[in-house]
Amino acid sequence: MTRLREFASRIRALFSKSRLDQDLDEELRAHLEMLVEENVRRGMRVEDARSAARRSFGGIEQTKEAYRDQRGLPIIDSLARDLRYGLRMLRRHPGFTVVAVLTLTLGIGANTAIFSVLNAVLLHSFPYKDPDKLVLLAEKRREMNLLAFSFPDFVDWRSQNHVLESAGAVRRWNPNLTGDGEPERLQAAMVTAEIFPTLGIAPRLGRVFVDEEDRPGAERAVVLSYTFWQRRYGSDESVIGNIVTLDQ
């Protein structure tokens, strides 16, 4: 309990520094005057008595620093002094300040981007069922990686597959949503019906695609992401079954 009270006292001292410094000055001045008066009573002149009192009392500034170390947290005090000194130097050299700020901004931004990737890829697994069993298949050429392949090729791969439990095709698509409020450019994808069972995803409302919708000439269907459904339609459940217009 004694250490806890001492720590609490040091914390309070950080927020009452001006008042405590004033009290310390008054206390040191009172002690010094007492020594001067005692020397005068011994027969010294006032000037000699004051000089002798200062010598016997020791360095006043050193005494103040020792007292401050005892009442506060030296690490925080030192950090605050370093910060004040650094800010003064930055104000005196605006050119250096601009370069330092830009360097820090670029460094923080780069580290934030790297951490975001590591956090998403390594620290947190993908929000799919058995993410360690998912694989990505793509064509590759000498001058290009992850080249999109044709749908007939995918059908051949799927029919000749003897390793994977299921396979679904994905193609990036950026259509324009029109005819329903303000037009909007979307980040979407064209997928086959197997993609949702392959990823182990079930819809919150409504349904996902069925095999009949994979056939040429079949009626198109759309699955909305949860975020888009909330933002665009305000989580309105009556949107299920409505017609949307997506233009390339």
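Heads up: the structure comes first, above all this text.
Rules used throughout
- Residues numbered from 1 in each chain as written.
- Predicted model: local features only at pLDDT ≥ 70, side-chain atom pairs only at ≥ 80, totals over all residues.
- Heavy atoms only, no water.
- Helix = DSSP H or I, 4+ residues; strand = E, 2+ residues; numbered from the N terminus.
- Contact = heavy atoms within 4.5 Å.
- Areas by Shrake-Rupley, 256 points an atom, 1.4 Å probe, with all protein chains shown as cover.
- Pairing = 2+ DSSP bridges.
- Buried < 20%, exposed > 50% of the residue type's maximum accessible area, 1.4 Å probe, protein only.
- Patch = residues over 30% accessible without salt bridge, like charges linked within 9 Å, V, L, I, M, F, W, Y side chains within 5 Å.
- Salt bridge = Lys/Arg side-chain N within 4 Å of Asp/Glu carboxyl O.
- Polar contact = N/O pair within 3.5 Å; in protein donor to acceptor, adjacent residues only side chain to side chain.

Of the regular secondary structure elements, the chain holds nine helices and seven strands. Looking at the chain alone, contacts between residues at least 24 apart form 43% of all its contacts between residues at least 6 apart. Accessible surface computed for the chain: about 20,000 Å², of which carbon and sulfur atoms make up 57%.

Despite not being glycine, Ser 235 has its phi angle at roughly 60°, a positive value. Its location among the elements puts Ser 235 in the loop between α9 (226-233) and β7 (245-247).

Before going further, it helps to spend a moment on the sheet that holds strand β4 (residues 176-178). The strand order across the open sheet built from three strands is β5-β4-β7, with neighbouring strands paired in antiparallel fashion. Pairing within the sheet leaves two strands with one partner each, and these edge strands are β5 (184-185) and β7. Here β4 pairs with β5 via two bridges, running antiparallel. Bridge pairing in β5 links Asn 176 to Arg 185.

Following the sequence through the fold, Met 44 ends up in the loop between α2 (17-41) and α3 (46-57). Here Met 44 falls in the partly exposed class, since its relative accessible area comes to 35%. Apart from residues lying up to four places away in sequence, Met 44 is in contact with Asn 39, Ala 49 and Ala 52.

Taken together, the side chains of Val 135, Leu 137, Trp 157, Val 163 and Leu 164 define a hydrophobic patch exposed on the protein surface, amounting to about 490 Å² of accessible area. Mapped onto the secondary structure, Val 163 falls in the loop between α7 (151-159) and β3 (170-173). You can call Val 163 exposed: its relative accessible area is 74%.

Our focus in this paragraph is the side chain of Thr 178. One can find Thr 178 in strand β4. In this structure the side chain of Thr 178 is engaged in a polar contact, spanning 3.1 Å, whose partner is the side chain of Asp 247. Look past the residues within four positions of Thr 178 in its chain and what remains in contact with it is Pro 183, Thr 245 and Asp 247.

What follows concerns the pattern of salt bridges. Pairing between side chains of opposite charge can happen when their charged atoms approach one another. Under the counting rule described, the total for this entry stands at four salt bridges. A salt bridge links Glu 184 to Arg 231; the nearest nitrogen and oxygen atoms lie 2.6 Å apart. In this pair, Glu 184 is assigned in strand β5 and Arg 231 in helix α9, connecting sequence segments 47 residues apart. Here the salt bridges do not stand alone but share partners, grouping Glu 184, Arg 231 and Arg 232 into one network.

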